[in-house]
Amino acid sequence: MTKSSPFLLFCILFISIIHAQTKKTDPLYKTIMSKDSLFFSTGYNTCNITQMENLLSDTFEFYHDKGGFENKEKFIIDFKNGLCKSPETYQLKRVLVEKSTEIYPMYKDGKIYAAIQNGDHLFYEKVGNQVDKLVGEAKFTHLWVLENTEWKLKNSLSFNHHPKQTTDNDTMFDNDLSMQSWLKENTIPVLGLGIIEGGKLQQVKVFGDSKKGISVPQNASFNVASLTKPVTAMVTLRLVSLGKWDLDEPLDNYWTDPDVISDPRHTKLTTRMILSHQTGFPNWRWMNTDRKLNFQFDPGTKYQYSGEGFEYLRKALEKKLGKSLEQLAKELIFKPLKMNDTSYIWDQNTDDSRFVTGYNEKGNAYPIEKIITVNAADDLHTTIEDYGNFMASVMKGKKLKPEIFREMIRKQVKVKENKYFGFGFEIYDLGNGEYALSHSGADQGTRCIAIVLPDSGKGIIIFTNIDDGYKVYEKLVVHYLGEQGKKIVEIETR
């Protein structure tokens, strides 16, 4: 077989169609990009040999500027026995630089029979359990052909390979293009990321599209579900610090829910029990068969997560102080911290265009619910910047009396081994006197988490807009929080 003839023909064909680049909205562009993702993200990056082989033409030819020429058989054998010999100890991951991609159609008798794909790609190396590290970059040209109505990769040219200048921190998580590609691999439509260093919010990044082809703004607004609870907790603790509220005063002095008024245990309820999830209430009353609130055990005797408890507290606060929780939060938290894009409710100040739509795991959008009534436990909408600044203030106990902050971070009740609840936050015991404060949120179309390490001044805020967004938590937490992040993951997965 002569190697030069098909290669020369390939080059001539490539030069002849330079003027006809396909737009990103064109079905051909989307088809080729989909094939690229199947070949590399699903095949190459995970060592799925079958997936790769199915996308190659029987007459596939590979030209590499370092490794020479290979036909399909040799290419598959070398890949299987080389890069994929021990994927648990070594992996090389390819990441497409999407904005570099150009796709050109090839016609015969007015019908498309092939397409040229040009672009750049980055390569990340992973050794053992280490984070993927950027090691090189290259250019490529692919010839995709229609064979019996199926697109197959017929020719691949991979050239201009060279090492990529890196630092110790230069990983796929610190490169925006690589991060975007990684998120696409994990089918995360939008990710908001906030990084706290030295006790201050240092980085705010939001990746993804709010709509097809329209990048989500950096000040995008997310529904953060149960990340509402820490805000309510801090409003309450601020009131305690001001002497306007008492942690251990019975709440029935101000409010008793009609569903439990005949149960004498309602007189035992205190703010301390609510903020540490020891009320005895279910998470939500609608989960009960009769949809009524009830005590499932004596208050103050053990842990059980409950949104109802926070709503109970809200009604008591509002009854005594004569202000809504939204008003109290604005006065005590939002305005002092300049959280101008945060609210419990949807009102005239809410910018619809910045609100992130939520999706299920199949990629179907949920309708946006414009909540106009305050819920102390759920549905806060905020930005990465606002919530990042909030969490930075939390780790310092800002505007709390020292004794109140100490109570907040005290292990009020045990959840599991090395994991406890304080006031409004989970407490992870990391050993050697170190600890983390955390809370997560989960509703339809939103998965989010916030973690701070008060001793080191580090923290991370992760917002996603899809039901399985939690699947990216671990790698991000470990990368940005290091060994302490690993300990948190170990405690959580134990």
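All figures in this text were calculated on a predicted structure; none of them were measured in a lab. (Residues numbered from 1 in each chain as written. Predicted model: local features only at pLDDT ≥ 70, side-chain atom pairs only at ≥ 80, totals over all residues. Heavy atoms only, no water.)

Q: Explanation requested: the packing of aromatic side chains in the structure shown.
A: Aromatic ring pairs are described here by two measures, namely the spacing of the ring centres and the angle between the planes. Within this structure, the stated rule accounts for 18 aromatic pairs. With centroids separated by 4.9 Å and ring planes inclined at 80 degrees, the aromatic side chains of Phe-39 and Phe-40 adopt a geometry described as edge-to-face. The class of Phe-39 is buried, set by a relative accessible area of 3%. The exposure class assigned to Phe-40 is buried, which follows from its relative accessible area of 7%. Ring geometry for Phe-62 and Phe-75: centres 5.1 Å apart, planes at 65 degrees, overall edge-to-face. One end of the pair, Phe-62, is in strand E1 (residues 56-64); the other, Phe-75, is in helix H4 (residues 72-81), with 13 residues separating them in the sequence. Phe-75 matches Phe-62 in its accessibility class, with the two residues each being buried. Site record: aromatic cluster; members linked through ring pairs are Phe-39, Phe-40, Tyr-44, Phe-60, Phe-62, Phe-75 and Phe-79. (Phe/Tyr/Trp six-rings, centres within 6.5 Å; stacked < 30°, edge-to-face > 60°. Buried < 20%, exposed > 50% of the residue type's maximum accessible area, 1.4 Å probe, protein only. Helix = DSSP H or I, 4+ residues; strand = E, 2+ residues; numbered from the N terminus.)

Q: It is not clear to me how the state of the cysteines should be interpreted in this structure. Could you clarify?
A: What the rule picks out here adds up to one disulfide. The partner cysteine of Cys-47 in its disulfide is Cys-84, sulfur to sulfur 2.0 Å. For the disulfide bridge between Cys-47 and Cys-84, the dihedral angle about the S-S bond is near -90 degrees, and by the sign convention the bridge is left-handed. With Cys-47 in the loop between helix H2 (27-43) and helix H3 (49-55) and Cys-84 in the loop between H4 and strand E3 (90-108), this pair connects stretches of sequence that are 37 residues apart. Judged by its relative accessible area of 19%, Cys-47 is buried. What makes Cys-84 buried here is its relative accessible area of 11%. (Disulfide = S-S within 2.5 Å.)

Q: Please clarify how the packing of helix H6 (residues 228-241) against helix H8 (residues 307-321) should be interpreted in this entry.
A: The geometry of a pair of packed helices is captured by two quantities: the angle between their axes and the separation between those axes. Running from N to C, H6 and H8 cross one another at 35 degrees; their axes reach a closest spacing of 11 Å. Between H6 and H8 the crossing geometry is left-handed. Counting all contacts with H6, which are made through Lys-229, Thr-232, Ala-233, Thr-236 and Leu-239, the residues of H8 involved are Gly-307, Phe-310, Leu-313, Leu-317 and Leu-321. Residues of the contact of H6 with H8, tallied by class, amount to six nonpolar, three polar and one charged. (Axes fitted to C-alpha atoms, helices over the stretch in contact; angles between N-to-C directions. Left-handed = near helix turned anticlockwise from the far one by under 90°. Contact = heavy atoms within 4.5 Å. Nonpolar A, V, L, I, M, F, W, Y, C, P; charged D, E, K, R; others polar.)

Q: Would you take a moment to explain the sheet that holds strand E15 (residues 434-443) for this structure?
A: In a beta sheet, neighbouring strands pair by backbone hydrogen bonds and run either parallel or antiparallel. Ordered in space as E9-E8-E7-E17-E16-E15-E14-E13-E12, the nine strands form an open sheet in which the pairing is antiparallel. The sheet is open, and its two edges are formed by strand E9 (214-215) and strand E12 (413-416), each paired on a single side. Pairing geometry for strand E13 (residues 419-421) and strand E14 (residues 426-431), over three bridges, is antiparallel. Its bridge partner lying in E14, Tyr-420 is registered against Ile-427. Of the strands in this sheet, strand E7 (190-197) and strand E8 (200-211) are in contact with helix H5 (residues 176-185), which crosses E8 at around 50 degrees. (Pairing = 2+ DSSP bridges.)

Q: Would you explain the pairing of E15 in this entry?
A: Pairing between E14 and E15: five bridges, direction antiparallel. Bridge pairing in E15 places Ile-427 opposite Leu-437. The turn linking E14 back onto E15 is made up of two residues, and Asn-432 within it adopts a positive phi angle of 55 degrees. Where E15 and strand E16 (residues 446-453) come together, seven bridges link them in antiparallel fashion. Directly across from Ala-442, in E16, lies its bridge partner Arg-447.

Q: Looking at this structure, how should I read the confidence of the model for the protein chain?
A: As a note on interpretation, predicted positions should not be read in detail where pLDDT is low. Taken residue by residue, the protein chain gives an average pLDDT of 91. The fraction at 70 or more is 94%. Counting contacts from residues 12-19, a segment whose pLDDT is below 50, to residues more than four positions away or on other chains yields nine contacts. (pLDDT = per-residue confidence, 0-100.)

Q: In this structure, what is going on with the nonpolar core? I would like to understand it.
A: In summary, soluble globular proteins display a tendency toward joint burial of nonpolar side chains. Of all hydrophobic cores here, the largest spans 70 residues; its most connected members are Phe-390 and Met-408. In this structure, Phe-390 is in contact with Pro-230, Val-231, Met-234, Ile-333, Leu-337, Met-339 and Phe-425, ignoring residues within four places of it in sequence. (Core = buried A, V, L, I, M, F, W, Y, C linked by side-chain atoms within 4.5 Å.)

Q: Help me understand empty space enclosed by the protein in this model?
A: A water-sized probe, rolled over the atoms, reveals where empty space remains. The tally for this structure, following the rule as stated, stands at three cavities of 30 Å³ or more. Computed from the structure, the largest cavity encloses a volume of approximately 110 Å³. Lining the largest cavity are Met-234, Arg-238, Leu-332, Ile-333, Pro-336, Leu-337, Phe-390, Ser-393, Lys-398, Lys-399 and Leu-400. Looking at the lining of the largest cavity, the elements with two or more residues in it are H6, helix H9 (325-334) and helix H10 (384-396). Residues that form the lining of the largest cavity fall into these classes: seven nonpolar, one polar and three charged. Taken as a whole, the second largest cavity holds about 40 Å³ of empty space. (1 Å grid on protein atoms, 1.4 Å probe; cavity = no way out; pocket = protein on both sides within 12 Å on 5 of 7 lines; lining within 4 Å. Points joined across faces, edges and corners; volume = space filled by probe spheres on them.)

Q: Can you help me understand H8 in this one?
A: In this model, H8 (15 residues) spans 21 Å end to end at C-alpha, consistent with the 21 Å of a helix rising 1.5 Å per residue. Looking only at H8, the buried set comprises Gly-307, Glu-308, Gly-309, Phe-310, Glu-311, Tyr-312, Leu-313, Arg-314, Ala-316, Leu-317 and Glu-318. Two or three places before Glu-308, at the start of H8, stands the capping residue Ser-306, its side-chain oxygen 3.2 Å from that residue's backbone nitrogen. Gly-322, located one to two residues past H8, shows a positive phi value of around 70 degrees. (Expected span 1.5 Å × (residues − 1). Polar contact = N/O pair within 3.5 Å; in protein donor to acceptor, adjacent residues only side chain to side chain.)

Q: Before we go on, may I ask you to explain the packing of H6 against H9 in this structure?
A: At their nearest, the axes of H6 and H9 sit 10 Å apart, and the two run at 75 degrees to each other. When the axes of H6 and H9 are compared, the pair comes out roughly perpendicular. Between H6, through Val-231, Thr-232, Met-234, Val-235, Arg-238 and Leu-239, and H9, the contact on the second element is made entirely by Leu-325, Leu-328, Ala-329, Leu-332, Ile-333 and Phe-334. Its residues placed into classes, the contact of H6 with H9 shows ten nonpolar, one polar and one charged. (Parallel < 35°, antiparallel > 145°, perpendicular 65-115°, else oblique.)

Q: Help me out: how do you make sense of the sheet that holds strand E4 (residues 111-127) in this one?
A: Strand order in the open sheet formed by six strands is E2-E1-E6-E5-E4-E3, and the pairing between neighbours is mixed. The open sheet is flanked by strand E2 (68-71) and E3, the only strands paired with a single partner. Within the sheet, the average angular offset between the axes of one strand and its neighbour, ignoring direction, is 15 degrees. Pairing of E3 with E4 involves 15 bridges; the strand directions are antiparallel. Bridging from a neighbouring strand, Val-97 pairs with Asp-120 of E4. On top of the sheet, H5 reaches E3 and E4; it is set at about 85 degrees to E3, its chief contact.

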